[in-house]
Amino acid sequence: MINKHLSTMLLLVFLPSCGSGSSSSSDSNNTQPIEYQFKLSAQQTNRCGQQVAFNQFELHLQDDNWQLIDKYTADANGQVSFATEQEYINYTIIAKYQQGAEEEGLDITSYHHANTTTSASYVATYDNLLDTSTCECVTQDIELQHRSFSVIDSVSSSFSYESWHSTDSQNTYFTNAEICRLIDDEWPIHSIAIRGLDTNNGAIGVASILNDFGSNTEGLWQSAAIEVADNVPLSSEHAAFNMMQEFANGEHFYVESSEDDTELLVFNTHPYTSESIHYARTSHIFDHLDTIFGQSTFASYHQIKSTMNDEATSVSAETEQPDIDYTNFSELAADGSYDYSAVSGYPLVDISFSYQVSSASITTPINWTMYGPIKGILASSVQLAGFEDTITPDTDIQNTEINIIKSLTTNNYDDYIYYYQGNTDSDFANDLQSFQLELVRNF
């Protein structure tokens, strides 16, 4: 005879095999995995500011240990797109690199735990592939007229030039200034700033904003420096810093200030003041070692971007030294792991290794940068498929640079990796602190 409690248990056991249980099983079998579409585009910028597609790269999709899952090549428009069931991925871009007269090399960039739902971009450097057919460049001298200076302390410009000299106290001459634009487009906005002392030894600054660079038979542009700088007082205790203004797609009015300065000459009334961003940066060197093996530097940095000048000049790099081994770099372990978690509150680290790979008479420059969490596994601990003969475990590392980064606007790692994937339209870098370790080896 079956016990009452036992019969109840048997009933419960068999219930899932009939009735509503059959429908639940069917629903489970019909559930489809979520698919994410990842997109990345690459471009480089020519000398007149035009972005052009770059497709001389491939992308490796990798697992959490940087093992290869799949490879993708860019299309003619410099784009890579693929579907994945992973919301977060590791991936590495291996791009051809060439700058100036250097041999062709590789620029390798790895990202840990990147969100596939946001698009990414890559900015390439390959000078020999740049198409300049859409550019118009003019090289002429510039003669700048201004109020009288007894001493010129500094000169800054938003364009390149060969040299400058004072022809007299009210005229400064710039040789071989080069300005470029897209053919038939408007000329870009450029600036010249001069700071120094007037005839009464008072601090003065003047600037000119230029926007017309058509060539002429004299080979000379002339301009008057009608913008006047304000003497802005600095706080009684402030760090040495450098600062510039960002507006009209350019960088203007660069200036350096020492910790002993009591005031700063700032251009606050020019036509682009309302859209100008003041960008200040300072540093603190903890130590610099120079040995027979190389040079190592341990420093901290702080940058502020603000519409307010006084807010930007409040930059102050960290002066309390964290517990980091900057002599032996022991946080980088031989097994490919790393650990900088002793620096609390800094969610992301970017680690770069530079190599010079020589074969026959050719030296190939290679740089490998990884963006990842404060503790993890180096992307370079795993050899890249297809590049095993280029970078091996025995390849000498020439330079090592480690940046441990904290944004004062967010502590969310997703925001960090989002920014370094090329999405620079956020306020992530408006208040940014970092520790930097750099090792340059002697060979």
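The structure we're discussing is the one just above.
Residue numbers here run from 1 along each chain, matching the order of that chain's written sequence. For a predicted model such as this one, the threshold for reporting local features is a pLDDT of at least 70, and the threshold for listing and counting side-chain atom pairs is 80 or more; totals across whole chains, interfaces and linings nevertheless cover every residue. Heavy atoms throughout the structure, all of them, feed into the side-chain values; hydrogens and water do not.

J.: Quick question: what am I supposed to make of the sheet that holds strand E3 (residues 57-62) here?
T.: Whenever strands of a sheet pair, they do so through backbone hydrogen bonds, lying parallel or antiparallel. Within the open sheet, the 12 strands sit side by side as E4-E3-E6-E7-E25-E24-E27-E28-E22-E21-E18-E19. Their pairing is mixed. This sheet does not close on itself; its edge strands, each paired only once, are strand E4 (68-73) and strand E19 (250-257). Pairs of neighbouring strands in the sheet enclose a mean axial angle of 20 degrees, with direction left out of account. The sheet contact formed by strand E24 (residues 348-359) and strand E25 (residues 362-373) spans 12 bridges and is antiparallel. Bridge pairing in E25 links Ser-359 to Ile-362. Here, any two strands with at least 2 DSSP bridges between them count as paired. The helix count covers DSSP runs of H or I at least four residues long, the strand count covers runs of E at least two residues long, and both are numbered beginning at the N terminus. Where helices are involved, their axes are fitted lines through C-alpha atoms of the stretch in contact, as for all axes, and angles between N-to-C directions lie from 0 to 180°.

J.: Which parts of the structure should I look at to understand unusual backbone geometry?
T.: Note: most residues except glycine have negative phi, and most peptide bonds are trans. Unlike most non-glycine residues, Asn-176 shows phi in positive territory, near 50 degrees. Mapped onto the fold, Asn-176 is located in strand E12 (residues 171-182). The backbone of Phe-329 sits at a positive phi, close to 55 degrees, despite the residue not being glycine. Burial status follows relative accessibility: with a 1.4 Å probe on protein chains alone, a residue under 20% of its type maximum counts as buried, one over 50% as exposed, and anything between as partly exposed. Classification of Phe-329 as buried rests on a relative accessible area of 7%.

J.: Even after reading the chapter, I still don't get the environment of Thr-116, so can you show me in this structure?
T.: Checked against the element boundaries, Thr-116 lands in the loop between strand E7 (105-115) and strand E8 (120-123). Thr-116 sits 65 residues away from Gln-51 along the chain, and the two C-alpha atoms are 24 Å apart. In contact with Thr-116, other than residues within four places in its own chain, are Tyr-36, Gln-37, Phe-38, Thr-84, Gln-86, Glu-87 and Ile-89. Distance and chemistry together define a polar contact, namely a pair of N or O atoms within 3.5 Å, with one atom able to donate a hydrogen and the other to accept it when in protein, and with adjacent residues in sequence counting only for side-chain atoms on both sides. Of the polar contacts made by the side chain of Thr-116, one reaches the backbone oxygen of Gln-86; its length is 3.3 Å. Contact between two residues is taken to exist if any of their heavy atoms lie within 4.5 Å; hydrogens are not considered.

J.: How do you make sense of helix H4 (residues 413-420) when you look at a structure like this?
T.: Within the span of H4, buried status applies to Tyr-413, Tyr-416, Ile-417, Tyr-419 and Tyr-420. The buried residues of H4 occupy one face: seen down the axis, they fall within an arc of 160 degrees. The N-cap of H4, judged by a side-chain oxygen 2.9 Å from the amide nitrogen of Asp-414 a few residues on, is Asn-412. Gly-422 sits one or two residues past H4 and shows a positive phi near 105 degrees. Directions pointing from the helix axis toward each C-beta atom define the arc.

J.: Which parts of the structure should I look at to understand the packing of aromatic side chains?
T.: Each aromatic ring pair is described using two quantities: the centre-to-centre distance and the angle formed by the ring planes. Between rings of Phe, Tyr and Trp, where Trp is taken as its six-membered ring, a pair exists when centres lie within 6.5 Å; planes separated by under 30 degrees are stacked, by over 60 edge-to-face, and by other angles tilted. Within the structure shown, the criterion is met by 22 aromatic pairs. Taking the centre distance of 6.0 Å and the plane angle of 75 degrees together, the rings of Trp-187 and Phe-213 count as edge-to-face. Placement of Trp-187 in the loop between E12 and strand E13 (190-197) and of Phe-213 in the loop between strand E14 (203-210) and strand E15 (220-224) is noted, with a sequence separation of 26 residues between them. Residue class for Phe-213 comes out buried when judged on its relative accessible area of 0%. For a Lys NZ or an Arg CZ to count as sitting over a ring, it must be within 6 Å of the ring centre and within 35 degrees of the ring normal. The ring of Tyr-279 carries the charged tip of Lys-305 above its face, separated from the ring centre by 4.8 Å.

J.: I keep staring at the sheet that holds E12 and nothing clicks. Help me out?
T.: One open sheet accounts for four strands, arranged E11-E12-E9-E15; its pairing is mixed. Where the open sheet ends on each side, the last strands, each with one partner, are strand E11 (163-168) and E15. Taken pair by pair, the neighbouring strands of this sheet meet at an average axis angle of 35 degrees, ignoring direction. Here five bridges tie strand E9 (residues 135-145) to E15, and the two strands are oriented parallel to one another. Of the residues in E15, the one forming a bridge with Gln-145 is Ala-224.

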